[in-house]
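# Coordinate analysis (summary)
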Amino acid sequence: MISEFISIPTFIYTAINLVILYLILKKLLFKPVSEFMENRKNSIIESMENAEREKSEALELKDKYESQLKEAYAQAQKILKEAEEKAQQEYEKIVQDAKNEAEALKIKAKEEIELEKNEALKEIRNEVVSLALEAASKVLEANMDTEENRKLVSKFIDEQGVA
Amino acid sequence: MEGFGSELQRLIKPNKVFDISIFGFDMSITDSVVMMWIVMAALIIFSLVFTRKLKTIPEGKQNVVEVLVEFVYNFAKDSMGHNGKLFAPYIGTVLMFLVISNMAAVFNVIPSSEDIYHWTGIEFFKDLNFAIRPPTKDVNVTLTLALMSMVAVALAGIKVRKVSGWLKSFIEPVPLMLPFKILDYVIRPVSLCFRMFGNVLGAVIIMELVYFAFPAILPAFLSIYFDLFDGILQAYVFVFLTSIYIGEAIE
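Per an unreviewed UniProt entry, chain B goes by ATP synthase subunit a and derives from Acetivibrio mesophilus. Quoted verbatim from the Sequence similarities (unreviewed entry) field of UniProt, the annotation for chain B is "Belongs to the ATPase A chain family." The Function (unreviewed entry) comment attached to chain B in UniProt states, word for word, "Key component of the proton channel; it plays a direct role in the translocation of protons across the membrane."

As recorded in an unreviewed UniProt entry, chain A goes by the name ATP synthase subunit b, listed as coming from Acetivibrio mesophilus. For chain A, the Sequence similarities (unreviewed entry) comment in UniProt is given as "Belongs to the ATPase B chain family."

Now the structure itself:
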């Protein structure tokens, strides 16, 4: 009775079929697709790692450039400040020099004026002495213009403090 | 009812499609084997068509195979651990074969060879004895599948623990366990085989009865449950248990 339902050939064929199907599907379907997916996964991981690394590198470079920029700015600021200070010093020095020179010129001019004035006064005095003596000569009708009288008149004028 | 009785007989017994004898042994090909060939052809064509020109960015049919393969590999990894990857192709093959086989009853609208003979009178179909039925309704097929799963379990155990370690696993933790462990190896394939066989044959018989009583509309709804849902569920259960057994063996 049971032997009616059992078929040894079916048993053998099924086993053979299944092994063949396993080998074929493994070769055609499971191996290529899983390998393909594995490769893709790996390449995605790799590219993501690359991107991450490049990003961190870029950030590093950015930090570096930023600090360099800051340094350069500070340097520029320093140079500017120094230049300003130097210019100020130069300016002050020039002004000082000019002042000094002007002062010197002024003093010299004053001296010259004094000299000129003294000269002029001397001349005037001599003229006055001469005039006085001439006037006196005319009044006295005698020549009063002697060395003696000239000294006398000069002394008189000095005493009067005309100069 | 006479016709239905013989129909049931035909459903349960293996039907010889081609009589072949090799070295005097009867090596006749039964309808289950022919159905297996059809299922195999379908699966091979599927693999050929769907794995052509794999692209990095999947589109269309490539998504289908990727989802399928990923499901099988994840399934294997979940139930068998890291070594499960080795057995994923086997598990996937059995799963796909069983799913398609169990669903074959959906195509029972395709006339059987007997019907074709009645309609056309071509002699070739007279004794062909072939109809589209799930090959898994044949206990021979399910028994082979279950035995092969057990062979896979044994191979997995030997591969991971070496022969001595595998033999030792029979007397662990105490030698007293030996008969039970051997029973375990016998009972597992038998339970796997008869669960599948009983479910599929039961579904086929019920559907046959329903077709007999209500030829239209109702069978369509019942077919969704008995042919599609139950078929896929039984395929999943079979594969799930097999993978658990393999997982235990390689633990």
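## Examining the overall build of chain A
Looking only at helices and strands, one finds two helices and zero strands in chain A. In terms of C-alpha radius of gyration, chain A reaches 62 Å, well past the compact-globule figure of 15 Å for 163 residues. The principal-axis extent of the C-alpha atoms belonging to chain A is close to 200 × 20 × 15 Å. Relative to its 163 residues, chain A shows a buried fraction of 15%. Approximately 13500 Å² of chain A is accessible, and the part contributed by carbon and sulfur atoms is 59%. The centroid of the 25 positive side-chain charges in chain A is displaced by 8 Å from the centroid of its 34 negative side-chain charges.

## Observations regarding the UniProt feature "transmembrane region" (unreviewed entry) in chain A
As recorded in UniProt, the feature "transmembrane region" (unreviewed entry) lies at residues 6-25 of chain A. Segment residues 6-25 of chain A splits into 90% helix and 0% strand. End C-alpha atoms: 28 Å apart.

## Topic: empty space enclosed by the protein
Residue and element names in this part refer to chain B. Enumeration over the complete set of coordinates arrives at four cavities of 30 Å³ or more. The calculated volume of the largest cavity comes to roughly 50 Å³. Lining the largest cavity we find Asn102, Ala105, Pro134, Asn199, Val200, Ala203, Val204, Phe226, Asp227, Asp230, Gly231 and Gln234. Only helix H7 (178-213) and helix H8 (218-250) provide two or more residues apiece to the lining of the largest cavity. Looking at which element gives the most residues to the lining of the largest cavity, the answer is H8, with five residues.

## Observations regarding the interface of chain B and chain A
Opposite the 47 residues of chain B that make contact, chain A presents 30 residues. Interface of chain B and chain A: buried area, both sides summed, is about 3500 Å²; carbon and sulfur atoms make up 78% of it. The interface formed by chain B and chain A holds one salt bridge in total. The residue glutamate 66 of chain B makes a salt bridge to arginine 40 of chain A at a minimum N-O spacing of 2.8 Å. Breaking the side of chain B that touches chain A down by element, the ones donating at least two residues are strand S4 (29-30), helix H2 (31-50), helix H3 (61-80), helix H4 (84-103) and helix H6 (139-168) of chain B. It is H2 of chain B that contributes the most residues to the side of chain B that touches chain A, ten residues altogether. Its residues placed into classes, the side of chain B that touches chain A shows 29 nonpolar, eleven polar and seven charged.

## Points about the packing of aromatic side chains
Residues and elements named next belong to chain B. Summed over the entire model, instances satisfying the criterion amount to twelve aromatic pairs over all chains. Pairing tryptophan 166 with tyrosine 185 gives two aromatic rings, centres 6.3 Å apart and planes at 85°, and the pair type is edge-to-face. Highlighted residues: tryptophan 166 in helix H6 and tyrosine 185 in helix H7, separated in sequence by 19 residues. Under the relative-accessibility criterion, tryptophan 166 is labelled buried at 16%. Following the ring pairs from residue to residue traces out a cluster consisting of Phe71, Phe75, Tyr236 and Phe240.

## Looking at the packing of H6 of chain B against H7 of chain B
Residues and elements named next belong to chain B. Remark: H6 packs on H7, axes separated minimally by 8 Å, with the N-to-C direction vectors making an angle of 150°. In terms of their interaxial angle, H6 and H7 are classed as roughly antiparallel. Between H6 and H7 lies a crossing whose hand is right-handed. When H6 is examined against H7, the residues Val139, Thr142, Leu143, Ala146, Leu147, Met150, Val153, Ala154 and Trp166 are found in contact with a partner set consisting of Tyr185, Arg188, Pro189, Leu192, Cys193, Phe194, Met196 and Phe197. For the contact of H6 with H7, a count of residues per class yields 15 nonpolar, one polar and one charged.

## A word on the UniProt feature "coiled-coil region" (unreviewed entry) in chain A
Mapped onto this numbering, the UniProt entry annotates "coiled-coil region" (unreviewed entry) at residues 34-119 of chain A. The distance from the first to the last C-alpha atom of residues 34-119 of chain A is 124 Å, and the span holds 100% helix and 0% strand.

## Considerations on the nonpolar core
Membership of the largest hydrophobic core comes to 68 residues, with the highest contact counts inside it found for Phe30 of chain A together with Phe97, Leu98, Leu145, Phe238 and Ile246 of chain B. With sequence-adjacent residues up to four places away left out, leucine 98 of chain B is seen in contact with Thr136, Leu145, Met196, Ala235 and Phe238 of chain B.

## Quick notes on the packing of H6 of chain B against H8 of chain B
Residues and elements named next belong to chain B. Where H6 meets H8, the closest approach of the two axes is 8 Å, and the angle between their N-to-C directions is 25°. Of the possible angle classes, the one that applies to H6 and H8 is roughly parallel. Seen from above, H6 lies across H8 with right-handed handedness. Residues Leu145, Ala146, Ser149, Met150, Ala152, Val153, Ala156, Gly157, Val160 and Arg161 of H6 pack against Phe238, Thr242, Tyr245, Ile246, Glu248, Ala249 and Ile250 of H8. Within the contact of H6 with H8, the residues separate by chemical class into twelve nonpolar, three polar and two charged.

What counts and how
Counting restarts for each chain: residues are numbered from 1 in the order of the written sequence. Here chains are named by letter from A upward and ligands by number from 1 upward, in the order in which they appear as written. It should be noted that, the model being predicted, local features are given only for residues of pLDDT at least 70 and side-chain atom pairs only at 80 or more, the latter also being counted only at that level, while totals for whole chains, interfaces and linings use all residues. In computing side-chain values, all of the structure's heavy atoms are included and hydrogens and water are not. UniProt positions are given in the numbering used here, feature names are shortened, and annotations may be inferred rather than shown by experiment. Helix and strand assignments follow DSSP, with helices taken as H or I runs no shorter than four residues and strands as E runs no shorter than two, numbered in order from the N terminus. The globule rule used here is 2.2 Å times the number of residues to the 0.38 power, and the radius of gyration it is set against is calculated over C-alpha atoms. Each residue is placed in one exposure class: buried if its accessible area under a 1.4 Å probe, protein chains only, is under 20% of its type's maximum, exposed if it is over 50%, and partly exposed if it falls in between. A 1.4 Å probe and the Shrake-Rupley method give the accessible areas. Residues count as covered only by the protein chains that appear here. Positive: Lys, Arg. Negative: Asp, Glu. His and the chain ends are not part of the count. Taken as the charge location is NZ of Lys, CZ of Arg, CG of Asp or CD of Glu. In the cavity and pocket records, a cavity denotes points on a 1 Å grid over the protein atoms alone where a 1.4 Å probe fits but cannot get out, a pocket denotes an open set with protein on both sides within 12 Å along at least 5 of 7 lines, and lining residues are residues with an atom within 4 Å of a point. Grid points are joined across faces, edges and corners, and a volume is the space filled by probe spheres set on the points. Contacts are assigned to residue pairs with any non-hydrogen atoms lying within 4.5 Å of each other. A 1.4 Å probe defines the accessible area here, and the buried area is the portion of it lost by two parts on being joined, summed over both. Counted as salt bridges are all cases of a side-chain nitrogen of Lys or Arg within 4 Å of a carboxyl oxygen of Asp or Glu. Residues are grouped as follows: Ala, Val, Leu, Ile, Met, Phe, Trp, Tyr, Cys and Pro are nonpolar; Asp, Glu, Lys and Arg are charged; every other residue, Gly included, is polar. The pairing test for Phe, Tyr and Trp rings, Trp by its six-membered ring, is centres within 6.5 Å, and the orientation test on the planes gives stacked under 30 degrees, edge-to-face over 60, and tilted for anything in between. Throughout, an axis means a line fitted to C-alpha atoms (over the contacting stretch in the case of helices), and angles, computed between N-to-C directions, take values from 0 to 180 degrees. Note on angle classes: values under 35 degrees are labelled roughly parallel, values over 145 roughly antiparallel, values of 65 to 115 roughly perpendicular, and the remainder oblique. Crossings are sorted by hand: turned counterclockwise from the far helix by less than a right angle, the near helix makes the crossing left-handed, and turned clockwise it makes it right-handed. Here the nonpolar core consists of buried residues drawn from Ala, Val, Leu, Ile, Met, Phe, Trp, Tyr and Cys, with membership extended through side-chain atoms lying within 4.5 Å.

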